[in-house]
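Inside the fold
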Amino acid sequence: MASFERHRDGASAYLAFPVGLLISLSVWPWLADAQPPPQGFAVERFYPSAPGGGWFVMDDVNMNGKLGGAIALTTGYSRKPLEVASPDGTQRFTLLSNEAFADVGLAVTYDRYRVYLNLPIPLLVTGNSGTLGPYQLSAPSVNIATNPDTISDPRVGFDMRLLGKPESSLRLGMGAQLIIPSGDRADYVTDRRYRGMFRFLAAGDAGRLSYAGQLGMHIRPVDQSAVPGSPNGNEFLFGMSAARRFPVRSGWAVAVGPEFYGETAVRSFFSGQTGFEGLLTGRLEGTGDGPHTRIKMGIGHGLVQQFGAPEWRILFGVELFVRR
Amino acid sequence: MKVLAARGLHDIENESWNAYGQFTYISSWKPRFPALYTNANGSINSLIPDPERSFTGTATLYLGVRLWRGGEAYLAPEVLSEHPLSELKGLGGAIQNFELQKGGGETPELYHSRAFVRQTFGFGGHRVVKESGQLQLGTVYDSRRLVFIAGNFSILDFFDKNAFDIDPRQGLFSLPFLTYAAYDFASDARGYSYGGVAELYWDDWAVRLGRITPPKNPNQLPVGFRLGRYYGDQMELEHKHRIDGQDGTVRVLAFRNRENTGRFVDAVAAFEADPRKNATTCPGFNYGSGNANAPDLCWVRKPNVKMGIGLFGEQYIARGIGVFSRAMISDGQTEVDAYTSTDRSASFGALAKGFLWSRARDVTGVGVNLGWISAAHAEYLRLGGVDGFIGDGSIKPAMESSLDVFYSVNLRRSLWLSGDYQRVINPAFNADRGPVNIFSMRIHGEF
């Protein structure tokens, strides 16, 4: 059939992609920063692991083999993700009372490397406006009807396994993420500034025990230290997790265990600008080589409920991934 | 994907996933044009007669994954930056660049244009090979199949697909060639909707049904999810045929929207009964007209029904050369809710690939669009009213017509540079203004 159908040829991608990237980046606003910053920031402190990373927050650093990848959908709801207190601690109120999101991720792995993209989609952000000392704080009203197509702060990341063989008892790696500003700051879904994350990753498997941990730095230009509950600039990231694996039937396994993670502002190390959460997680996943499905569930509590750590949260995730 | 497939790393004919992307930059320039008046009596919707520039830049990533047997999921994040002519006011159907969105700005904005799931149930017939592409996994379907789609999409992904399946970003620049100018399909300000579509393919026949979300207020981004109360329904019947060995398609499309809109006669009646109910005193959402002596639709918005029916035909006449035409009549009683201010439209044109002159990847085309508004719409505009796009403060009603001619040079295999000329006569259906000449260029790439 003679047709006008599009012609694509991968060879031209070598030219088309950089040109497209150049055009896209050339029009992206750092311009946005020319405006006086409105109140609000990216309140979500749950940064899902890279698609195929195994855990909810940590990473199994198990990239290996030929070209592979993963696609992930993670959704979550958190209750009271932002309670703010006056500087003297006498006043406290819930600025954000409900927050829900969906996060779609795509990862490509090759040998010991992984590149990935996470696209967070805010589904709900609501709260209470009020006055706290000298500050007039305005809560957002975000839902899928008012914001039908928002993508907030997508993340582009790169991870690498540095030491340790796949499935070994100790694997060390490192990763970097670029967080691209997107969305409305007043909705508490973005800082409207570029951010970056650098993490050292550790993970291992010993018999039926799996563990993982991370230490890192969140490069965060927004510093509103004068406003209660707001970002104080750069942050340290930390976390660890452990799980026991239970084979449930041929080709499938269940892993159950906790994940702990948090962040603290560099300028006020482990002071009031620290949030710390614990998650009890369970995941059902295929074992062995080939394409698999992983279903994850988690319920968590803000152990130090500050700085964006919620009172409690629930999480659900599903991943399609290839293990080679 | 072809690179991966060539290296044995990807099965492009039976894909479990794929990823494509595109970028498009369109720049337009409009020289000065004659106009007896502009924004008369405090109106705000005239095309400015002074020279103006406009641009759009988009970049889109198309991700697809197979979920299970017959199940596919697609996601398309997109970035848009734009600067329209006259803030996208003053043209009826003849908006010069189909990429323009309401409410966009020069600050690039990232959003998900599509996020939907498609489930196909095969009923036999012959094999239909679908090549890997944007929003399409490479696969084989039955020619007899039932398809369900749910999620967030453009209704034009499934209904009234562009002539010859040509990517609009490679075709005619002007908006009325994207679909019927009078097809006021329910959508948000960007042109996307939530909802569901069902398609039944039976060899050469196809029938489609869809219900989608309208905007909460006309031409705005927030959408209403009460699909039992407000909705856009459409039905399409399609038949593919061959004439003298050349493929062709005929479609009939009907839509029925129930939306929170205003009827022109109601707005005029409300104003005539009480002149205090004018454009400057609106208690609710309106377009900000400063004409205190004009009716305004905001006073009469309530659940109203808008209907239309259209006919589309396309026919190849030689290798890579085809002609198309489409025409639609809507009832023309209510304001534009999402697409264009046109109440009745007809367009025709031809598209050709460069086989004849040994440049097979070049594309050229010419199209003519004709648009009309209803008598009630014209009376509302004559009294100084405005809708989402037009309203010069006065009007000498006339058919708005536009000519669009373009040529796309294929620079590399997936990179095109295009030039385009458009001439718009009676912009905004007003014989007191125009004609308008618009010159555009486009660079488009895919990866």
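Residues numbered from 1 in each chain as written. Chains lettered and ligands numbered in written order. Predicted model: local features only at pLDDT ≥ 70, side-chain atom pairs only at ≥ 80, totals over all residues. Heavy atoms only, no water.

Here the focus is the overall build of chain A. In terms of regular secondary structure, chain A is built from 1 helix and 15 strands. Within the span of chain A, comprising 324 residues, buried residues form 55% of the whole. In chain A, the proportion of contacts linking residues at least 24 apart, taken out of those at least 6 apart, comes to 63%. Carbon and sulfur atoms provide 65% of the accessible area of chain A, an area that totals close to 13200 Å². (Helix = DSSP H or I, 4+ residues; strand = E, 2+ residues; numbered from the N terminus. Buried < 20%, exposed > 50% of the residue type's maximum accessible area, 1.4 Å probe, protein only. Contact = heavy atoms within 4.5 Å. Areas by Shrake-Rupley, 256 points an atom, 1.4 Å probe, with all protein chains shown as cover.)

Our next topic: the overall build of chain B. Looking only at helices and strands, chain B has 3 helices and 18 strands in total. Rg of the C-alpha trace for chain B: 22 Å, near the compact-globule value of 22 Å for 447 residues, within the 12% margin. Projected onto the principal axes, the alpha-carbon positions of chain B cover approximately 70 × 50 × 45 Å. Taking all 447 residues of chain B together, the buried fraction comes to 61%. Counting contacts in chain B only where the partners sit at least 6 residues apart, residues at least 24 apart contribute 69% of the total. With an accessible surface of roughly 16100 Å², chain B has 58% of that area assigned to carbon and sulfur atoms. In chain B, the 47 positive side-chain charges and the 47 negative ones have mean positions that sit 2 Å from each other. (Rg over C-alpha atoms; globule rule 2.2 N^0.38 Å. Lys, Arg positive; Asp, Glu negative; His and termini not counted. Charge placed at Lys NZ, Arg CZ, Asp CG, Glu CD.)

Turning to the packing of aromatic side chains, a few remarks are in order. All names here are of chain B. Per the counting criterion, the structure on display carries 27 aromatic pairs over all chains. Ring geometry for Phe177 and Phe324: centres 6.3 Å apart, planes at 85 degrees, overall edge-to-face. Of the two residues, Phe177 sits in the loop between strand E7 (144-153) and strand E8 (193-202) while Phe324 sits in strand E13 (residues 321-330), which places them 147 residues apart along the sequence. Here the two residues Phe177 and Phe324 agree in accessibility, since each one is buried. (Phe/Tyr/Trp six-rings, centres within 6.5 Å; stacked < 30°, edge-to-face > 60°.)

With that out of the way, let us pick up the nonpolar core. The biggest cluster of nonpolar side chains holds 71 residues, and the ones touching the most others in it are Phe153, Ile155 and Tyr183 of chain B. Judged by nonpolar contacts, the second largest core, of 15 residues, contains Met58, Leu201, Leu279 and Leu315 of chain A. (Core = buried A, V, L, I, M, F, W, Y, C linked by side-chain atoms within 4.5 Å.)

This part is about the side chain of Asp432 of chain B. Residue and element names in this part refer to chain B. With respect to the helices, strands and loops of the structure, Asp432 is situated in the loop between strand E17 (415-425) and strand E18 (436-446). Despite its burial, Asp432 pairs with no opposite charge, the nearest such side chain being Lys396 at 4.8 Å. Only 2.8 Å separates the side chain of Asp432 from the side chain of Tyr37, close enough to count as a polar contact. (Salt bridge = Lys/Arg side-chain N within 4 Å of Asp/Glu carboxyl O. Polar contact = N/O pair within 3.5 Å; in protein donor to acceptor, adjacent residues only side chain to side chain.)

Under the definition given, this model contains 43 salt bridges over all chains. The partner of Asp205 of chain A in a salt bridge is Arg171 of chain A, and the shortest N-O contact between them spans 2.8 Å. Of the two residues, Asp205 of chain A is situated in strand E9 (residues 195-206) and Arg171 of chain A in strand E8 (residues 171-179); the sequence distance between them amounts to 34 residues. When the shortest N-O distance is used, the salt bridge between Arg220 of chain A and Asp191 of chain A registers 2.6 Å. Residue Arg220 of chain A is found in the loop between strand E10 (209-219) and strand E11 (235-249), and its partner Asp191 of chain A is found in the loop between E8 and E9; the two are separated by 29 residues along the sequence. Residue Asp191 of chain A is classed as buried on the basis of its relative accessible area, which comes to 0%. Overlapping salt bridges bring together Asp160, Glu199, Arg208, Glu236, Glu238, Lys240, Arg251 and Arg326 of chain B as one network.

Residue and element names in this part refer to chain B. Along helix H3 (residues 375-382), the positions that sit buried rather than exposed are Ala376, His377, Ala378, Tyr380 and Leu381. Structurally, H3 contributes buried residues whose contacts are with helix H2 (264-273). Just downstream of H3, Gly384 is the residue with a positive phi angle, here 100 degrees.

Let us look at the side chain of Glu82 of chain B. Residue and element names in this part refer to chain B. By the element assignment, Glu82 lies in strand E3 (residues 71-83). As a buried residue without a salt bridge, Glu82 has its nearest oppositely charged side chain in Arg190, at a separation of 7.5 Å. When neighbours within four sequence positions are excluded, Glu82 is seen to be in contact with Phe55, Thr56, Glu99, Leu100, Gln101, Gly104, Gly105 and Glu106.

What follows is about the confidence of the model for chain B. The pLDDT averaged across chain B works out to 94; a share of 100% of its residues lies at or above 70. Per-element mean pLDDT across chain B ranges from 80 in helix H1 (residues 2-6) of chain B up to 98 in strand E9 (residues 205-212) of chain B. (pLDDT = per-residue confidence, 0-100.)

Our focus in this paragraph is unusual backbone geometry. Excluding glycine, a negative phi dihedral is what most residues carry, and trans is how most peptide bonds are arranged. The omega angle of the peptide bond from Gly434 of chain B to Pro435 of chain B is 5 degrees, so this bond is cis rather than trans. One can find Pro435 of chain B in the loop between E17 and E18. Although it is not a glycine, Lys80 of chain A adopts a positive phi angle of roughly 50 degrees. Turning to its location among the elements, Lys80 of chain A is positioned in strand E1 (residues 68-85).

All names here are of chain A. Taken together, the 6 bridges between strand E3 (residues 113-127) and strand E7 (residues 155-163) define a ladder with antiparallel strand orientation. Bridge assignment links Tyr116 to a residue of E7, and that residue is Gly157. Two strands pair when backbone bridges link them, and E7 and E8 are joined in this way by 8 bridges, in the antiparallel orientation. Across the sheet, the residue bridging to Asp159 is Gly175, located in E8. (Pairing = 2+ DSSP bridges.)

Residue and element names in this part refer to chain B. Of all the residues in H2, the buried ones are Phe264, Ala267, Val268, Ala270 and Phe271. Seen along its axis, H2 keeps its buried residues to an arc of 160 degrees; they face one direction. In H2, those exposed residues whose orientation departs by more than 90 degrees from the buried face are Glu272 and Ala273. Looking at the buried residues of H2, the elements they touch are H3. (Arc of directions from axis to C-beta.)

Residues and elements named next belong to chain A. With respect to the helices, strands and loops of the structure, Pro166 is situated in the loop between E7 and E8. For Pro166, a relative accessible area of 32% corresponds to the partly exposed category. Counting along the chain gives 105 residues from Pro166 to Val61, while the straight-line C-alpha distance between them is 8.0 Å. Once residues lying within four places of it in the same chain are set aside, the contact partners of Pro166 are Asn62, Asn64, Arg161 and Arg171.

Looking now at the environment of Arg263 of chain B. Residue and element names in this part refer to chain B. Checked against the element boundaries, Arg263 lands in the loop between strand E11 (246-261) and H2. Exposure remark for Arg263: the relative accessible area of 26% places this residue in the partly exposed category. Distance from Arg263 to Asn219, taken between C-alpha atoms, is 15 Å for residues 44 residues apart in sequence. Excluding residues that lie within four positions of it along the chain, Arg263 makes contacts with Leu297, Val300, Asn304, Gln333 and Thr334.

What follows is about the pairing of strand E4 (residues 109-122) of chain B. Residue and element names in this part refer to chain B. Judged from the 10 bridges that link them, E3 and E4 form a sheet pairing that is antiparallel. For Glu72, the partnering residue across the bridge sits in E4 and is Arg118. By the bridge criterion, 8 bridges tie E4 to E7 in an arrangement that is antiparallel. If you follow Phe121 over to E7, its bridge partner there is Leu146.

All names here are of chain B. Axis separation between H2 and H3 bottoms out at 8 Å; the angle between their running directions is 35 degrees. As H2 runs across H3, the sense of the crossing is left-handed. Here Phe264, Val265, Ala267 and Val268 of H2 lie close against H3, whose contacting residues are Ala376, His377 and Tyr380. Taken together, the residues of the contact of H2 with H3 break down into 6 nonpolar, 1 polar and no charged. (Axes fitted to C-alpha atoms, helices over the stretch in contact; angles between N-to-C directions. Left-handed = near helix turned anticlockwise from the far one by under 90°. Nonpolar A, V, L, I, M, F, W, Y, C, P; charged D, E, K, R; others polar.)

The next subject is the confidence of the model for chain A. Residue and element names in this part refer to chain A. Per-residue confidence for chain A gives a mean pLDDT of 85, with 87% of residues at or over 70. Within chain A, no element has a lower average pLDDT than helix H1 (residues 13-26), which sits at 46, and none a higher one than E8, at 97. This model gives residues 1-19 a pLDDT under 50, and the stretch forms 57 contacts once residues within four places in sequence are excluded. Long-range and interchain partners of residues 21-38, a stretch whose pLDDT sits below 50, account for 24 contacts in this model, where long-range means more than four residues apart.

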